[in-house]
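Residue-level structure breakdown
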Amino acid sequence: MDAYKATVVAREVYGKNVTLFFKTNMPNYESGQYITIVFEDTEIPEGKSYSLSSAPFEDVHSITIKPIGEYSDRLCDMQPGDEFLHTEAYGYFNIKTDRPLVCLAAGVGISPIWSVIKQTRHDSEREITLAYSGSSLSSMPFVDDIKNFNELNVSFHVTQEDSPYRSDRISAKDYIKGGAVYLICGPVEFTRDMWEQLVNLGISEIDISTEVFFE
Ligand SMILES: Cc1cc2nc3c(=O)[nH]c(=O)nc-3n(C[C@H](O)[C@H](O)[C@H](O)COP(=O)(O)OP(=O)(O)OC[C@H]3O[C@@H](n4cnc5c(N)ncnc54)[C@H](O)[C@@H]3O)c2cc1C
């Protein structure tokens, strides 16, 4: 697989989580896809995957990282001017359809979902619902962008601090919508829980797409 060199142009910090904005000459990609980043001086030559939080129509690419180990810590420490190697984008997270879209995200799991939401609204007036959960508002990427986003039904669930938003965990039954497709992204426990709730509520497995980041 071809390798591409990315140059960091900006960073944004949300608590410990970081969005890196970068320029690269990789080929076009689809919303919801991920790249594999390779640090050649580590013992993991196959690299690690990071979903693109940018949308294909945007000029600058971005990834959003939670620091939990070697790769993620190095990425979170990167500054403008730093470079990294990566593959082209791949993956099939987004379900291609014009049906209403319901997105269930936890923490940095918002990353591919934010990519899909931005591209979907750029391309169409399709109905979009987002339920987005995090432990604290300050650690949740893109909250301000999401609040200002055009025609998005959004519920924030802030579970471990006082906020003006809901404090309960996401319950899938609150977000069932006739004829919709569902995207779920977050840690494995969240993703499995949301998937099981949807299936138990009668949603067909082919109408649910999941991406799991962490064990
Ligand atoms: C398709 C896909 C897309 C992904 N997209 C994203 C994304 O957009 N953003 C993102 O952040 N991640 C994403 N990931 C996860 C990412 O690929 C890495 O797995 C993640 O960043 C951890 O890699 P690491 O080398 O930093 O951690 P590792 O060094 O491999 O650590 C892994 C485990 O060890 C534990 N650990 C490591 N260091 C410590 C420590 N000091 N103290 C205690 N425990 C520790 C961590 O809890 C973790 O569970 C994605 C994964 C997949 C498969």
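Coordinates for the structure precede this section.
Residues numbered from 1 in each chain as written. Predicted model: local features only at pLDDT ≥ 70, side-chain atom pairs only at ≥ 80, totals over all residues. Heavy atoms only, no water.

**Focus on the sheet that holds strand β5 (residues 61–65)**
Strands belonging to one sheet form pairs held by backbone hydrogen bonds; the direction of such a pair is parallel or antiparallel. Here is the rule we go by: Pairing between strands requires that DSSP locate at least two bridges from one strand to the other. Only DSSP runs of H or I reaching four residues or more are called helices, and only runs of E reaching two or more are called strands; each is numbered from the N terminus. Axis definition: a line fitted to C-alpha atoms, limited for helices to the stretch in contact. Angles are taken between N-to-C directions and run from 0 to 180 degrees.
Strand order in the open sheet formed by 6 strands is β4-β3-β6-β1-β2-β5, with antiparallel pairing between adjacent strands. The open sheet has two edge strands with one neighbour each: β4 (48–51) and β5. Neighbour to neighbour, the strand axes of the sheet diverge by 45° on average, direction disregarded. Direction of pairing for strand β2 (residues 17–23) relative to β5: antiparallel, over a ladder of 5 bridges. Bridge pairing in β5 places Thr19 opposite Thr64.

**A look at the sheet that holds strand β8 (residues 128–134)**
Our working rule: Any pair of residues with heavy atoms lying within 4.5 Å of one another is described as a contacting pair.
One open sheet accounts for 5 strands, arranged β9-β8-β7-β10-β11; its pairing is parallel. Unpaired on one side and paired on the other, β9 (153–158) and β11 (208–212) mark the two borders of the sheet. Across the sheet, the mean angle from the axis of one strand to that of its neighbour is 10°, orientation sign disregarded. Direction of pairing for strand β7 (residues 101–106) relative to strand β10 (residues 181–186): parallel, over a ladder of 5 bridges. Bridge assignment links Ala105 to a residue of β10, and that residue is Cys185. In the packing of helix α2 (residues 110–123) onto the sheet, contacts are made with β7, β8 and β10, and the angle to β7 comes to roughly 155°.

**Side note on the site of the ligand**
Inclusion rule: Note on terminology: near, applied to a residue and a molecule or strand, indicates that one of the residue's heavy atoms is within 4 Å of it. Exposure was quantified through the Shrake-Rupley algorithm and a 1.4 Å probe, taking into account, for residues, occlusion by the shown protein chains and nothing else. In this classification, the charged set is Asp, Glu, Lys and Arg, the nonpolar set is Ala, Val, Leu, Ile, Met, Phe, Trp, Tyr, Cys and Pro, and all remaining amino acids, among them Gly, are polar.
Within the structure, the ligand sits among 17 residues, and Lys48, Ser49, Tyr50, Ile68 and Ser72 are positioned closest to it. Protein chains shield 60% of the accessible area of the ligand, which is 980 Å² for the free molecule. Mapped onto the shell around the ligand, the elements with two or more residues apiece are β4, β5, α1 (70–76) and β11. Counting residues per element, the shell around the ligand draws most heavily on β4, at 4 residues. Of the residues contributing to the shell around the ligand, the split by class is 8 nonpolar, 5 polar and 4 charged.

**Section: helix α4 (residues 188–200)**
Where we set the bar: Multiplying 1.5 Å by the helix residue count minus one yields the expected span of that helix. Partly exposed describes any residue whose relative accessible area lies between the buried limit of under 20% and the exposed limit of over 50%, with all areas from a 1.4 Å probe on protein chains only and scaled to the type maximum. Note that the arc is computed from the directions linking the helix axis to the C-beta atoms.
End to end, α4 covers 18 Å across 13 residues, agreeing with the expected 18 Å (1.5 Å per residue, within 8%). Every buried residue belonging to α4 is among Phe190, Thr191, Met194 and Leu198, and all of these are buried. Mapping the buried residues of α4 onto a view down its axis gives an arc of 95°, with all of them on the same face. In α4, the exposed positions angled more than 90 degrees off the buried face are occupied by Glu189 and Asn200. The secondary structure elements touched by the buried residues of α4 are β7, β10 and β11. Looking one or two residues past α4, Gly202 carries a phi angle of roughly 95°, positive in sign.

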